[in-house]
Amino acid sequence: MLSRKGIIPEDYLLTRLAEDVLQPKFKCKQGKARFVAKNGACNVAHTNIREQGRFLQDVFTTLVDLKWLHTLIIFTMSFLCSWLLFGMIWWLVAFAHGDLDQREDGFVPCVTDIRSFSSAFLFSIEVQVTIGFGGRMITEECVSAIIILIVQNIVGLVINAIMLGCIFMKTAQANRRAETLIFSKHAVICVRNNKLCFMIRIGDLRKSMIISATVRMQVVKRTTTEEGEMVPLDQIDIHMDNPVGTNGIFLVSPLIISHVIDKASPLYELSPNDLQYQDVEVIVVLEGVVETTGITTQARTSYVSEEILWGQRFVPTVSEEDGMYAVDYSKFGNTVKVPTPCCSAKKLDEAGGIARFKLNEGVTLRASVRRRRATAVVRRSRMESQ
């Protein structure tokens, strides 16, 4: 795990990690639960599940989903219980054949050197883990002992396959790779390419790439259908304008993912004032295949209305130094204010669009420049007169 100081900047969020304590805390309004946390955890509690037996139908996935403590306890108990069970069986075989009694010369036992339950337990361990210290061995005297030996070997192989596979899957889970997939702490809304856009920044701290990386966005809000049905968590997909022009992204350096707020966008009627009163949550999902392991990984985060900055854009992080491109992650979450209409995209279209806004903004800027020049001329004339 990376350190929070020095290596990791304080202006962005690492998935699966808590937010930096120095950053301002954004709290949702009372009565509004966050659907997805900033670290990607889903804030959903499953209650009143009657058919609990369905989890036992897929034992392997259930074991992988368990906590590490529970998995290690099951791992230990599975081997210990199998050793005790077959130890008891070997002791019963020896007891039934008379191996525990005083033996006369020429007596052939089922298993040599079994005199108590402790020796039978040790022989059970030797059989299942194929240690074979040489002091105890099975003979051809008892057919039942040969059958038990075969059964215990098969059971031991099954337990090894399940438990070792479970441990491997838990250590190679894709969410560990998602620790180094990062999202900007804030989302921004500003004008880009003459269109009002919703933008976030994503990045990858590792040199090993995420193959076929894709980004999806959804707006989660409470809606009401035309029939009057209230949908508490209506998940609405929003179209992504990826910088490479395709569904996949080439995540070598930090990228700004934008969504054009047009008539088909669920944010079309959203204004800066609406961000203060409406409960809007934008969920971002980054998926891809880990280059080194070939396992699909997924990183998630969300932005509530308090975390959406209106009229700001991200500063550049990539520069060219000594014939190569350098990424400054200290600027990953930095934003600057830019001229942006203080109205929704719908009202902006009704008022004439971005062209009219830029025209008005340009007149204002030219007037301010003229005033500055006039002030400078007056100051120079006063200084010359003195």
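Regarding the overall build of the protein chain
Part 1 of the reasoning: On a plain count of helices and strands, the protein chain comes out with 8 helices and 15 strands.
Part 2 of the reasoning: Across the 386 residues that make up the protein chain, the buried fraction comes to 38%.
Part 3 of the reasoning: Partitioning the contacts of the protein chain with sequence separation of at least 6, the portion at a separation of at least 24 is 66%.

Let's talk about unusual backbone geometry
Part 1 of the reasoning: Positive phi, normally seen in glycine, also occurs at Asn 194, with a value near 65 degrees.
Part 2 of the reasoning: With respect to the element layout, Asn 194 can be found in the loop between strand 3 (187-192) and strand 4 (195-204).
Part 3 of the reasoning: Given a relative accessible area of 48%, Asn 194 falls into the partly exposed group.

A short note on the confidence of the model for the protein chain
Interpretation of the predicted coordinates at a detailed level should be avoided for regions scoring low in pLDDT.
Part 1 of the reasoning: A residue-level look at the protein chain finds 77% of positions with pLDDT of 70 or above and a mean pLDDT of 77.
Part 2 of the reasoning: Element-level mean pLDDT values for the protein chain span from 46 in strand 1 (residues 12-14) up to 92 in strand 15 (residues 335-337).
Part 3 of the reasoning: Contacts of residues 1-31 to residues separated by more than four positions or lying in other chains number 74 contacts, the stretch itself having pLDDT below 50.
Part 4 of the reasoning: Ignoring residues within four places in sequence, the model shows residues 363-372, a span with pLDDT below 50, making 0 contacts including any to other chains.

Let's talk about the state of the cysteines
Part 1 of the reasoning: Applying the stated criterion across every chain, the model contains 1 disulfide.
Part 2 of the reasoning: Residue Cys 110 pairs covalently with Cys 142 via a disulfide, S to S 1.6 Å. Handedness here is read from the sign of the S-S torsion; for Cys 110 and Cys 142, about -50 degrees, the answer is left-handed. You can see Cys 110 sitting in the loop between helix 2 (68-97) and helix 3 (117-128) and its partner Cys 142 sitting in the loop between helix 3 and helix 4 (143-171), a full 32 residues away along the chain.
Part 3 of the reasoning: By relative accessible area, which is 1% here, Cys 110 ends up buried.
Part 4 of the reasoning: Lacking any disulfide linkage, Cys 190 is separated from the closest cysteine sulfur, that of Cys 197, by 7.0 Å.
Part 5 of the reasoning: Among the residues examined, Cys 190 registers a relative accessible area of 2% and is labelled buried.
Part 6 of the reasoning: Classification of Cys 197 by relative accessible area gives buried; the value is 3%.

A short note on the nonpolar core
Part 1 of the reasoning: Core analysis: the largest hydrophobic core is formed by 38 residues, its most contacted members being Phe 198, Ile 200, Ile 202, Met 217, Ile 249, Ile 257 and Leu 286.
Part 2 of the reasoning: Tallying contributions element by element places strand 5 (residues 210-224) first for this core, with 5 residues.
Part 3 of the reasoning: If we skip the residues at most four places from it in the chain, Phe 198 touches Ala 187, Val 188, Ile 189, Met 217, Ile 257, Ser 258, His 259, Ile 261, Leu 267, Val 282 and Ile 308.
Part 4 of the reasoning: Residues Val 111, Phe 123, Val 127 and Ala 145 belong to the second largest nonpolar core, which totals 13 residues.

A few points about the packing of aromatic side chains
Part 1 of the reasoning: Scanning the entire structure with this criterion turns up 5 aromatic pairs.
Part 2 of the reasoning: On the numbers, 5.5 Å between centres and 15 degrees between planes, the contact of Trp 91 with Phe 95 is stacked. Here Phe 95 and Trp 91 lie together in helix 2, a separation of 4 residues that amounts to about one turn.
Part 3 of the reasoning: A relative accessible area of 25% places Trp 91 in the partly exposed class.
Part 4 of the reasoning: In this structure Phe 95 comes out as exposed when scored by relative accessible area, which is 52%.
Part 5 of the reasoning: Relative to Phe 332, the ring of Tyr 329 has its centre 6.2 Å away and its plane inclined at 25 degrees; by these criteria the two rings are stacked. Residue Tyr 329 shares its accessibility class with Phe 332, and that shared class is buried.
Part 6 of the reasoning: Members of the aromatic cluster, connected to one another through ring pairs, are Phe 75, Phe 79 and Trp 83.
Part 7 of the reasoning: The ring of Trp 68 is capped by Lys 170, whose NZ or CZ atom sits 5.2 Å from the centre of that ring.
Part 8 of the reasoning: Note that Arg 201 overlies the ring of Phe 332, its terminal NZ or CZ placed 5.9 Å from the centroid.

A few points about the packing of helix 3 against helix 4
Helix-helix packing is characterised by the crossing angle of the two axes and by the distance between the axes.
Part 1 of the reasoning: For the pair helix 3 and helix 4, the least separation of the axes is 9 Å and the interaxial angle reads 60 degrees. Along this stretch, helix 3 crosses helix 4, giving a crossing that reads as right-handed. Residues Ser 124, Val 127 and Gln 128 of helix 3 lie in contact with helix 4, whose contacting residues are Leu 149, Gln 152, Asn 153, Gly 156 and Ile 159.
Part 2 of the reasoning: Taken together, the residues of the contact of helix 3 with helix 4 sort by class into 3 nonpolar, 5 polar and no charged.

A look at the pattern of salt bridges
Any two side chains of opposite charge can pair if their charged atoms end up close together.
Part 1 of the reasoning: Scanning the entire structure with this criterion turns up 4 salt bridges.
Part 2 of the reasoning: For Glu 287, the salt bridge goes to Arg 216, with nearest N and O atoms at 3.5 Å. Of this pair, Glu 287 sits in strand 9 (residues 281-290) while Arg 216 sits in strand 5, placing them 71 residues apart in sequence.
Part 3 of the reasoning: Judged by its relative accessible area of 25%, Glu 287 falls in the partly exposed class.
Part 4 of the reasoning: Between Glu 269 and Lys 346 there is a salt bridge, with its nearest N and O atoms 3.5 Å apart. Of this pair, Glu 269 sits in the loop between strand 8 (255-260) and helix 6 (272-277) while Lys 346 is found in helix 7 (residues 345-350), placing the two residues 77 residues apart along the sequence.

Conventions we followed
- Residues numbered from 1 in each chain as written.
- Predicted model: local features only at pLDDT ≥ 70, side-chain atom pairs only at ≥ 80, totals over all residues.
- Heavy atoms only, no water.
- Helix = DSSP H or I, 4+ residues; strand = E, 2+ residues; numbered from the N terminus.
- Buried < 20%, exposed > 50% of the residue type's maximum accessible area, 1.4 Å probe, protein only.
- Contact = heavy atoms within 4.5 Å.
- pLDDT = per-residue confidence, 0-100.
- Disulfide = S-S within 2.5 Å.
- Core = buried A, V, L, I, M, F, W, Y, C linked by side-chain atoms within 4.5 Å.
- Phe/Tyr/Trp six-rings, centres within 6.5 Å; stacked < 30°, edge-to-face > 60°.
- Lys NZ or Arg CZ within 6 Å of the ring centre and 35° of its normal.
- Axes fitted to C-alpha atoms, helices over the stretch in contact; angles between N-to-C directions.
- Left-handed = near helix turned anticlockwise from the far one by under 90°.
- Nonpolar A, V, L, I, M, F, W, Y, C, P; charged D, E, K, R; others polar.
- Salt bridge = Lys/Arg side-chain N within 4 Å of Asp/Glu carboxyl O.

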